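Okay, here's what each chain looks like letter by letter:
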Amino acid sequence: MSEKKDPGIWDGFKAFLMRGNVVDLAVAVVIGAAFTNIVNAVVKGIINPLVGAIGTKNLDHYSSCLSSACEGERGIQILWGSVLGAALSFVITAAVVYFLVVLPMAKYLARVEARRKAKEGTQEVIELTELEVLKEIRDALVAQRGSGHNQQ
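Residues numbered from 1 in each chain as written. Predicted model: local features only at pLDDT ≥ 70, side-chain atom pairs only at ≥ 80, totals over all residues. Heavy atoms only, no water.

Student: Outline the overall build of the chain, listing residues and values.
Tutor: Looking only at helices and strands, the chain features three helices and two strands. Scanning the chain from its N terminus toward the C terminus, one meets helices and strands in the order α-α-β-β-α. Here the chain holds 152 residues, and 8% of them are scored as buried. In the chain, of all internal contacts separated by at least 6 residues, the share reaching a separation of at least 24 is 30%. Carbon together with sulfur atoms contributes 65% to the accessible area of the chain, which is approximately 13,000 Å² in total. (Helix = DSSP H or I, 4+ residues; strand = E, 2+ residues; numbered from the N terminus. Buried < 20%, exposed > 50% of the residue type's maximum accessible area, 1.4 Å probe, protein only. Contact = heavy atoms within 4.5 Å. Areas by Shrake-Rupley, 256 points an atom, 1.4 Å probe, with all protein chains shown as cover.)

So this is what it looks like as structure tokens:
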């Protein structure tokens with residue numbers, strides 16, 4: 001008697017890795033990591049100097065003290081400059097993704113949908129015209145049959 005074995009953990013893992021969406025996700029993560037470096041460079045090279053025109057060039061130096069004495073590492077500091085830098089990085093990333101990926105893709109899909117609807121509309125007009133012609137032929141045949149029927 002031969003017993004059928006359930007697929008092992010290793011076989012399941014291999015099947016999981018071979019699915020297309022896992023590979024796509026891995027590529028997206030790698031591209032995202034590379035894009036993060038670009039955004040960080042833009043924040044450090046462009047945004048921070050622009051903010052530096054008002055104050056310090058490094059946003060990490062912006063902080064507020066919660067305790068009465070904040071010197072060096074002592075005291076309770078809120079590093080809101082770091083949060084501002086991260087927020088700017090996020091906004092820049094979101095804007096680039098929206099304007100360079102999402103918006104063009106939405107416009108492209110809208111054009112494809114409009115073409116599809118226009119094609120379907122033309123198809124319906126042709127079908128309606130054919131239907132009208134067939135109705136006219138039917139009416140003409142009925143009229144001929146009726147007029148020929150009355151002559152007998």
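Next comes the rest of the description.
Student: Explain the pattern of salt bridges residue by residue, including any values.
Tutor: Within the structure shown, the criterion is met by two salt bridges. Residues E113 and R116 are paired through a salt bridge, measuring 2.2 Å at the closest nitrogen-oxygen approach. In this pair, E113 and R116 both sit in helix 3 (residues 80-151), three residues apart, roughly one turn of the helix. Between R138 and D139 there is a salt bridge, and its shortest N-O distance comes to 3.1 Å. (Salt bridge = Lys/Arg side-chain N within 4 Å of Asp/Glu carboxyl O.)

Student: If you had to explain the environment of I47 to someone new, which residues and values would you point to?
Tutor: Considering the arrangement of structural elements, one finds I47 in helix 2 (residues 20-52). Spatially, the C-alpha atom of I47 lies 8.7 Å from that of G85, the residues being 38 residues apart in sequence. Among residues more than four places away in sequence, those in contact with I47 are V42, L88 and I92.

Student: Go over the packing of aromatic side chains, please, and point to the residues and values.
Tutor: Overall, the coordinates contain two aromatic pairs when judged by the stated rule. Aromatic side chains W10 and F13 sit 6.0 Å apart centroid to centroid with 40 degrees between the ring planes, which places their arrangement in the tilted category. Here F13 and W10 lie together in helix 1 (residues 9-18), a separation of three residues that amounts to about one turn. Among the residues examined, W10 registers a relative accessible area of 58% and is labelled exposed. On the basis of relative accessible area, F13 is assigned to the partly exposed category, the value being 40%. (Phe/Tyr/Trp six-rings, centres within 6.5 Å; stacked < 30°, edge-to-face > 60°.)

Student: Tell me about a nonpolar patch on the surface, and please be specific about residues and values.
Tutor: Taken together, the side chains of V97, Y98, F99, L100, V101 and V102 present a nonpolar region at the surface, about 570 Å² in accessible area. Mapped onto the elements, V101 comes out in helix 3. (Patch = residues over 30% accessible without salt bridge, like charges linked within 9 Å, V, L, I, M, F, W, Y side chains within 5 Å.)

Student: Describe the environment of I92, listing the residues and the values that go with them.
Tutor: Structurally, I92 is set in helix 3. For the pair I92 and V39, spaced 53 residues apart in the sequence, the C-alpha separation amounts to 7.0 Å. Beyond its immediate stretch of four places on either side in the chain, I92 contacts V39, V42, V43 and I47.

Student: Describe the confidence of the model for the chain, naming the residues involved and giving the relevant values.
Tutor: Of all residues in the chain, 85% have pLDDT values of 70 or greater, and the mean over the chain is 77. In the model of the chain, helix 2 stands out as the element of lowest mean pLDDT, 78, in contrast to helix 3, which has the highest, 81. (pLDDT = per-residue confidence, 0-100.)

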